[in-house]
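So you can see what is in the structure, the chains are spelled out below.
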Amino acid sequence: FTVEQFEKALRETRFHTVSLPELLEAYFQEPLVSTMKMREKKEAEKEEFLLRLWEMADGFGAEAGSWIRQLIDEKKYGYQMVMLEYGKSPQAAKETIETVYRALRQLRVEPSIRMAVLGARVTRNPHAFDRNTAAGKLLIHALCYSQKTTFPRHGEELLMLYYHAGIRPDDISSFTSIYGIRLFTAQAEHPAYREFVQKGEPCVVTLFNLGEIKRAEAVGHRVYVLENQMVFSHICEQLTERRDISFICTSGQVKTASWLLLDLLTQAGYEIYYSGDFDPEGLMIAERVLRRYPRNARLWHMGPEDYITALSE
């Protein structure tokens, strides 16, 4: 039955002096609030929360405070994440923001720190800033603001974001293979890689190894980049008499270690000649290389005639 029918029936009883709102309030032991008033109340509470957050930002220092204000003003750099936490609990949202602020402050004290250690330092929980936690997601947004970049679309972009922030999540599984590349620390040429160049042997460089590397030089006047490990290995076997050619192998999609090394080489002015398979992955890598290094990158053996030659039956 409808509310109108209920009210009409109520008026025909000895309780006709009691209105329906009075009856409901008495029955449920709480005042009735319209949907509009409830919405207005929630909106006022949210505005009060954001105002307190704005005032709290004053004590966060210049950079972190600026991030919080941008978050509120432009509704970006983690705004939706904060509102999601606010919906669960305003106190939880406040604590998440404070946790991320302490992480940013810790990064100023320790400019190079592992993710688990950062979590333990700030919260005594090494998993505090894992990607699936609220604090972990909000930290990514804060780092995006700091580095003036967009939210990472995949794992390698996230690794790069962490790397530039001084956070070392996993610096062993990200690697690249090289041949004829000299690596330099702030003081001198790295002796281990110098020996590989002199012996004419390929070697593997991890993100960990690149941690202290400030400069890279190719023994040749250009750097050839391959995605296919088998092609790279075969070419290296054929170069027994050559010491003036430089190669990099990405082993499939370009990992953070490969990007960092390519950044160092292009900054030094070297041309990059990329060659990959004629499959979706190889073509996507080619596009990413060309977009990242528009002035330095060229395609190598990826023209129409190469495609026709490579066609299978």
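Residues numbered from 1 in each chain as written. Predicted model: local features only at pLDDT ≥ 70, side-chain atom pairs only at ≥ 80, totals over all residues. Heavy atoms only, no water.

A.B. asks: Would you mind going over the pattern of salt bridges with me for this structure?
C.D. replies: If charged atoms from side chains of opposite charge come close, those side chains can pair. Counted under the stated rule, the structure contains 14 salt bridges. Across the pair K94 and E98 runs a salt bridge, and its minimum N-O distance is 2.8 Å. Note that K94 and E98 are positioned in helix α6 (residues 90–109) at a spacing of four residues, about one turn of the helix. Taking relative accessible area as the criterion, K94 reaches 30% and is therefore assigned partly exposed. Exposure remark for E98: the relative accessible area of 21% places this residue in the partly exposed category. (Salt bridge = Lys/Arg side-chain N within 4 Å of Asp/Glu carboxyl O. Helix = DSSP H or I, 4+ residues; strand = E, 2+ residues; numbered from the N terminus. Buried < 20%, exposed > 50% of the residue type's maximum accessible area, 1.4 Å probe, protein only.)

A.B. asks: What exactly am I supposed to notice about the sheet that holds strand β10 (residues 297–299) here?
C.D. replies: Within a sheet, each strand pairs with its neighbour through backbone hydrogen bonds, oriented either parallel or antiparallel. Read from one edge to the other, the open sheet built from six strands follows the order β5-β3-β8-β7-β9-β10, with strand pairing classed as mixed. With partners counted over all chains shown, the strands left at the sheet margins are β5 (203–206) and β10, one partner each. This sheet shows a mean twist of 30° between the axes of neighbouring strands, independent of strand direction. Sheet topology note: the strand β3 (residues 175–179)/β5 ladder contains four bridges and is antiparallel. Its bridge partner lying in β5, I178 is registered against C203. Strands β3, β5, β7 (222–226), β8 (246–249) and β9 (271–275) of the sheet are contacted by helix α12 (residues 256–267), whose axis makes an angle of about 45° with β3. (Pairing = 2+ DSSP bridges. Axes fitted to C-alpha atoms, helices over the stretch in contact; angles between N-to-C directions. Contact = heavy atoms within 4.5 Å.)

A.B. asks: What exactly am I supposed to notice about the packing of aromatic side chains here?
C.D. replies: The description of an aromatic ring pair rests on the distance of the ring centres and on the angle between the ring planes. Taken as a whole, this structure holds ten aromatic pairs when the rule is applied. Ring geometry for W259 against Y293: centres 6.1 Å apart, planes inclined by 45°, an arrangement best described as tilted. Of the two residues, W259 sits in helix α12 while Y293 sits in the loop between α13 (280–292) and β10, which places them 34 residues apart along the sequence. The aromatic ring of F184 is capped on one face by R215, whose charged end is 4.0 Å from the ring centroid. Of note, R222 hangs over the ring of Y273, and the distance from its end group to the ring centre comes to 4.1 Å. (Phe/Tyr/Trp six-rings, centres within 6.5 Å; stacked < 30°, edge-to-face > 60°. Lys NZ or Arg CZ within 6 Å of the ring centre and 35° of its normal.)

A.B. asks: How should the side chain of S177 be read in this particular structure?
C.D. replies: Counting through the fold element by element, S177 comes out in strand β3. Overall, the relative accessible area of 12% leaves S177 in the buried class. Excluding residues within four positions of it along the chain, S177 makes contact with C203, V204, F232, F247, I248 and C249.

Geometry only, nothing functional implied.
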